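One letter stands for each residue in the lines below.
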Amino acid sequence: MNGSTGPVVLKGHPSRRVPLHFFAAMCVLAVSLFMGAPGALSQDASIAQRRAQHLRHGINLSEWFAQVYDQKGYTKEHFDTWNTAQDIDSIKAMGFDHVRLSVNPQPMFRQGQADRIPADYLGYVDIAVQMILARGLAVTIDIHPESDFKQRLTTDDSFVEQFADYWRALARHYSSTNPELVSFEILNEPEFHDRFRWQGVQAKLAVAIREGAPQHTIIAAGAYWSSESELLFFDPLHDPNIIYNFHFYEPHIFTHQGATWSTNYVHYLKEMPYPSTPENVQEAAALIPDAANRLQAIHYGLDQWNAARVDGEIRQVAAWAKRWNVPVTCNEFGVYRKAANPKDRAAWISDVRTTLEKYGIGWTMWDYSGGFGVVTKENGKPVPDETTVRALGLKMPGASH
């Protein structure tokens, strides 16, 4: 999920450029070492399959170490106060079993010496990770940079080398944690239009992580925004200890209605219904001033999005996972709260969640207390939204099933 307020400005010395042909050769080598046929993957996929059972129903902790909108910025004060032990206790009490901890690498990324991660900043992340593990929750350390960082990876070979250095060092730092409960997500929502380059880059980064942490599970994704269609294109890496990930926000016109950072016309929308029919979208469609974009809302109605339509999308991912005998997780899905009807929002969340569970796919809702949140904060205290909690099949803190 990306709702950036702007890039983090970094300073550093220009690094020595690696010749393109050299980097291309390295990517080919990485792919040849890390790509495999279905039979080769199945020989030890049980490790990743077992660990995927710790990632059945989770929540994203956003705006803490990534996408920081707090005026304090990336500071100790923000890290100490944005989420506290009370928040982690609330997550545990609602029945979540894991947390996806988004971490922006940019504030601790040293140009030209990316393997030298600043100890003070890393220490703040350590406190969060230990706080989560102490409650018996699993944690995925999700590297979640701003778009400018991801764009550099699409064209700058030397920057890919540095990012591999960073990942090797970060993985080594966390290699002493429990590999049953701590996993590493290579990159949130890659922005690679070139799928083949991403195949090579991701393979190289996976090698670096594996060098740093031989026992831990890696989470990989498709090339562009971690979408399910991109995952279908992807051939699994030749490493059995990997879980494959996709994000599900379909259809965006419903899940992102009212958002200012998405496709421009969706900011006009409110009360866009779900399930959709040709008739019930007319009122919301009329809010869009230009005819071409209004047609997108009409199409949403004609497509008749409902539980069966959601099933048709997710079923394709389940078939891909079965073909390759690999575990899959959906570690982002949700609906922006600002303009959506709460009951329709809950209906979409419930349909997606139950469909994922039908196919044995774990899920991680976006997000805990942000614009898509399962809680709101009142005087710094988390207040769970019962409608959302119930849609997730979970329980209100203090309540019994």
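The structure this text deals with has already been given above.
Just so it is clear, the structure is predicted and the values come from calculations on it, not from any experiment.

Enquirer: Which residues make up the packing of aromatic side chains, and what values go with them?
Expert: The relative placement of two aromatic rings is captured by the distance of their centres and the angle of their planes. Counted under the stated rule, the structure contains 26 aromatic pairs. Aromatic side chains F149 and F159 sit 4.8 Å apart centroid to centroid with 70° between the ring planes, which places their arrangement in the edge-to-face category. You can see F149 sitting in helix α7 (residues 147-155) and its partner F159 sitting in helix α8 (residues 157-173), a full 10 residues away along the chain. Comparing F149 with F159, the two get one shared label, buried. Summarising the aromatic geometry, the rings of F248 and W348 are spaced 6.2 Å apart at their centres and angled 15° between planes, so their arrangement reads as stacked. Of this pair, F248 sits in strand β6 (residues 242-248) while W348 is found in helix α15 (residues 342-358), placing the two residues 100 residues apart along the sequence. Of the two residues, F248 and W348, both sit in the buried class. Lying across the ring of F159, R152 places its NZ or CZ 4.0 Å from the centre. Lying over the aromatic face of W305, R309 brings its terminal NZ or CZ to 4.0 Å of the ring centre.

Enquirer: Hey, could you go over the side chain of T329 for me, with residue numbers and the actual values?
Expert: For T329, the location among the structural elements is in strand β7 (residues 328-333). At a separation of 3.2 Å, a polar atom in the side chain of T329 contacts the main-chain carbonyl oxygen of G362. Residues within four places of T329 in sequence aside, it is in contact with L55, I243, Y244, N245, F246, I361, G362 and W363.

Enquirer: Please give an account of the pairing of strand β1 (residues 57-65) that cites residues and values.
Expert: For β1, a buried count of 8 out of 9 residues is recorded, marking the element as mostly surrounded by other parts of the structure. The pairing of β1 with strand β8 (residues 362-365) spans 3 bridges and is parallel. When the sheet's bridge partners are listed, G58 is paired in β8 with T364. As paired strands, β1 and strand β2 (residues 98-103) are joined by 5 bridges and run parallel to one another. Within β2, the position partnered with F65 by the bridge is V103.

Rules of the game
Residues numbered from 1 in each chain as written. Predicted model: local features only at pLDDT ≥ 70, side-chain atom pairs only at ≥ 80, totals over all residues. Heavy atoms only, no water. Phe/Tyr/Trp six-rings, centres within 6.5 Å; stacked < 30°, edge-to-face > 60°. Helix = DSSP H or I, 4+ residues; strand = E, 2+ residues; numbered from the N terminus. Buried < 20%, exposed > 50% of the residue type's maximum accessible area, 1.4 Å probe, protein only. Lys NZ or Arg CZ within 6 Å of the ring centre and 35° of its normal. Polar contact = N/O pair within 3.5 Å; in protein donor to acceptor, adjacent residues only side chain to side chain. Contact = heavy atoms within 4.5 Å. Pairing = 2+ DSSP bridges.

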